[in-house]
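Structural overview
Now for the letters of each chain:
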Amino acid sequence: AIRRASSSSTTSHIVRRSYASGSHPERKVAVLGAAGGIGQPLALLMKLNPLVSSLSLYDIAGTLGVAADVSHINTRSEVKGYTGEDQLGQALEGCDLVIIPAGVPRKPGMTRDDLFNINAGIVKGLAAAIAKYCPNALVNMISNPVNSTVPIAAEVFKKAETYDEKKLFGVTTLDVVRAKTFYAGKAGVHVADVNVPVVGGHAGVTILPLFSQATPAGSNLSDEEIKALTKRTQDGGTEVVEAKAGKGSATLSMAYAGAVFADACLKGLNGVPNIVECSYVQSTITDLPFFASKVRLGKNGVEEVLGLGNLSDFEKEGLENLKAELKSSIEKGIKFANS
Ligand code: NAI
């Protein structure tokens, strides 16, 4: 069996095969939206994760084929497919972790906020079911606009009196994945060694990569190069949306990022120390109620929201510039949840 050391820089090895099972506790993981562009490859990657004992695949349609297909892979977890709202309770019951990539993706010319009208309602309904059937589960929110869908879920959980701020995460890992890839290319360092925190939120200018804290340092990047890297990270999603020309947004890289973040959450639950990933969570490190930053994961979900560290002047300016948009996206989510 392969046991990886517990640092975020090793998470890219999660898809390595392992027959270990006895040594890991039972963990039930659900993917909601499992028949979608993200959901299918994410189901595959979660099936490869030896920390999962039961994999629950839910969608409004098309889940049974995906579940039958993935279930034939000879890894630890037992796979079950659930279709339609009347099976949602069964899909969720006993879950330790629920991953939500349900909802519509962007088309060229759309912002993530343009998805609000459809996805806000989907997320509200799924959050209500989580409150009812697995109120103690960690929730990994992928559905956009993440800046608003996380506050929506929080409000639904508050109303149901199940809210635990340590257990609700907006998945911003794809921003980190992109920042690492783009930085490695420019700085001329090995991509597998790279770490770059990305803070703020998950849309346009609210995505703030902190390249001043990137490791390894590599060749000295000019201010212009840092600016260009920042812009490319912020527009990474749009780059894919345009290349797919109407056929959706990032699905494969998102599934990878979602699997990395879910793996980190499971390791935290299992008591592996020093698991740190960036995520959009309830926060007091700025004056905004939700904010993405490094968080330490543990047995209860978020063990600690880590501070921003030293920022360059360019990053300080970026931080000030993102606050208004992030604040209004949060308020929009809260307002919708309570309407
Ligand atoms: P997709 O349209 O291919 O798949 C979405 C799936 O959700 C479909 O199978 C659909 O049947 C399902 N669905 C719709 N309503 C549902 C409900 N009430 N319950 C369960 N399932 C439901 O879309 P794709 O490409 O998989 O994207 C999904 C979401 O992920 C979008 O909102 C997209 O914007 C977001 N996304 C987030 C990223 C991030 O970094 N956080 C990156 C890329 C996409």
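Chains are numbered independently. Their residues run from 1 in the order of the written sequence. Selection of residues for local features in this predicted model requires a pLDDT of at least 70, selection of side-chain atom pairs for listing and counting requires 80 or more, and totals for whole chains, interfaces and linings are taken over all residues.

1. Topic: the overall build of the chain
Let me state the cut-off plainly: Strands are runs of DSSP state E lasting at least two residues, helices are runs of H or I lasting at least four, and both sets are numbered from the N terminus onward. The globule rule is 2.2 Å times the number of residues to the power 0.38, and the radius of gyration it is compared with is taken over C-alpha atoms. Neighbour density around each residue's C-beta defines its exposure: 20 or more other C-beta atoms within 10 Å make it buried, 12 or fewer make it exposed, and counts between make it partly exposed, where C-beta atoms are placed from the backbone.
On a plain count of helices and strands, the chain comes out with 10 helices and 11 strands. Taking 20 Å as the expected radius of gyration for a compact globule of 339 residues, we find that the chain reaches 19 Å, a close match to that expectation. Projected onto the principal axes, the alpha-carbon positions of the chain cover approximately 55 × 50 × 40 Å. Going through the 339 residues of the chain one by one, you find that 50% of them count as buried.

2. Focus on the packing of helix 4 (residues 116-133) against helix 5 (residues 146-159)
Operational definition: Each axis is a line fitted through C-alpha atoms, taken for helices only over the stretch in contact, and angles between the N-to-C directions span 0 to 180 degrees. Here a crossing is taken to be left-handed if its near helix is turned anticlockwise relative to the far helix by less than a right angle, and right-handed if that turn runs clockwise. Any residue pair is listed as a contact if its two C-beta atoms, each placed from the backbone, are within 7 Å. Each residue is assigned to one of three groups, with Ala, Val, Leu, Ile, Met, Phe, Trp, Tyr, Cys and Pro labelled nonpolar, Asp, Glu, Lys and Arg labelled charged, and all others, Gly among them, labelled polar.
It is at 9 Å that the axes of helix 4 and helix 5 come closest, and there the two elements cross at 35 degrees. Note that helix 4 runs across helix 5; the crossing there is right-handed. Residues Phe-116, Asn-119, Ala-120, Val-123, Lys-124, Ala-127, Ala-128 and Ala-131 of helix 4 form the contact with helix 5, whose own contacting residues are Ser-148, Thr-149, Ile-152, Ala-153, Val-156 and Phe-157. Per-class residue counts for the contact of helix 4 with helix 5 are 10 nonpolar, 3 polar and 1 charged.

3. So, the UniProt feature "domain: Lactate/malate dehydrogenase N-terminal" (unreviewed entry) in the chain
To keep things clear, this is the line we draw: UniProt positions are given in the numbering used here, feature names are shortened, and annotations may be inferred rather than shown by experiment.
UniProt marks residues 28-170 with the feature "domain: Lactate/malate dehydrogenase N-terminal" (unreviewed entry), using the numbering shown here. Secondary structure content for residues 28-170 is 38% helix and 20% strand, and the end C-alpha separation is 20 Å.

4. Observations concerning the site of the ligand
Let me state the cut-off plainly: Only the C-beta atom matters for this test: placed from the backbone, it must lie within 6 Å of a molecule or strand for the residue to be near it.
Around the ligand, 33 residues are found, and the nearest of them are Gly-33, Gly-36, Gly-37, Ala-102 and Asn-144. A per-element tally of the shell around the ligand places helix 4 first, with 4 residues. Class assignment for the residues of the shell around the ligand results in 18 nonpolar, 13 polar and 2 charged.

5. Some remarks on the nonpolar core
Operational definition: Here, a nonpolar core denotes buried Ala, Val, Leu, Ile, Met, Phe, Trp, Tyr and Cys residues that are linked to one another through C-beta atoms within 7 Å.
Among the nonpolar cores identified, the biggest contains 102 residues, and Val-98 and Ala-153 are the most heavily contacted of them. Considering each element in turn, this core owes the most residues, 12 residues, to helix 9 (residues 252-269). Residue contacts for Val-98: discarding those within four places in its chain leaves Ala-30, Leu-32, Leu-92, Ile-130, Cys-134, Ala-137 and Val-139.

6. Structural notes on the environment of Gly-236
By secondary structure assignment, the location of Gly-236 is in helix 8 (residues 236-244). Spatially, the C-alpha atom of Gly-236 lies 9.2 Å from that of Gly-204, the residues being 32 residues apart in sequence.

7. Here we look at the packing of helix 5 against helix 10 (residues 313-337)
Packing of helix 5 against helix 10 brings their axes to within 7 Å, and their N-to-C directions diverge by 40 degrees. Once helix 5 is placed against helix 10, the crossing between them reads as right-handed. Here Asn-147, Ser-148, Thr-149, Pro-151, Ile-152, Glu-155 and Val-156 of helix 5 lie close against helix 10, whose contacting residues are Leu-326, Ser-329, Ile-330, Lys-332, Gly-333, Ile-334, Phe-336 and Ala-337. The residue makeup of the contact of helix 5 with helix 10, split by class, is 8 nonpolar, 5 polar and 2 charged.

8. Comments concerning helix 9
Let me state the cut-off plainly: Any helix carries an expected span of 1.5 Å times its number of residues minus one.
A rise of 1.5 Å per residue sets the reference length of helix 9, with its 18 residues, at 26 Å; its end C-alpha atoms lie 26 Å apart and thus fit the reference within 8%. Along helix 9, 16 of the 18 residues are buried, which leaves the element largely enclosed by surrounding structure. Looking one or two places after helix 9, you find Gly-271, whose phi comes out positive at around 85 degrees.

9. Some points on the pairing of strand 2 (residues 54-59)
Side-chain positions along a regular strand alternate between the two faces of the sheet. Using the following cut-off: Whether two strands pair depends on DSSP finding at least two bridges between them. Note on handedness: a clockwise path from strand one over the helix to strand two, with the strands aimed away from the viewer, defines a right-handed crossover.
Of all the 6 residues making up strand 2, 5 are buried; the element is thus mostly covered by neighbouring parts of the structure. Judged from the 5 bridges that link them, strand 1 (residues 28-32) and strand 2 form a sheet pairing that is parallel. Bridge assignment links Leu-32 to a residue of strand 2, and that residue is Tyr-58. Regarding topology, helix 1 (residues 39-47) serves as the crossover connection from strand 1 to the parallel strand 2, and that connection is right-handed.

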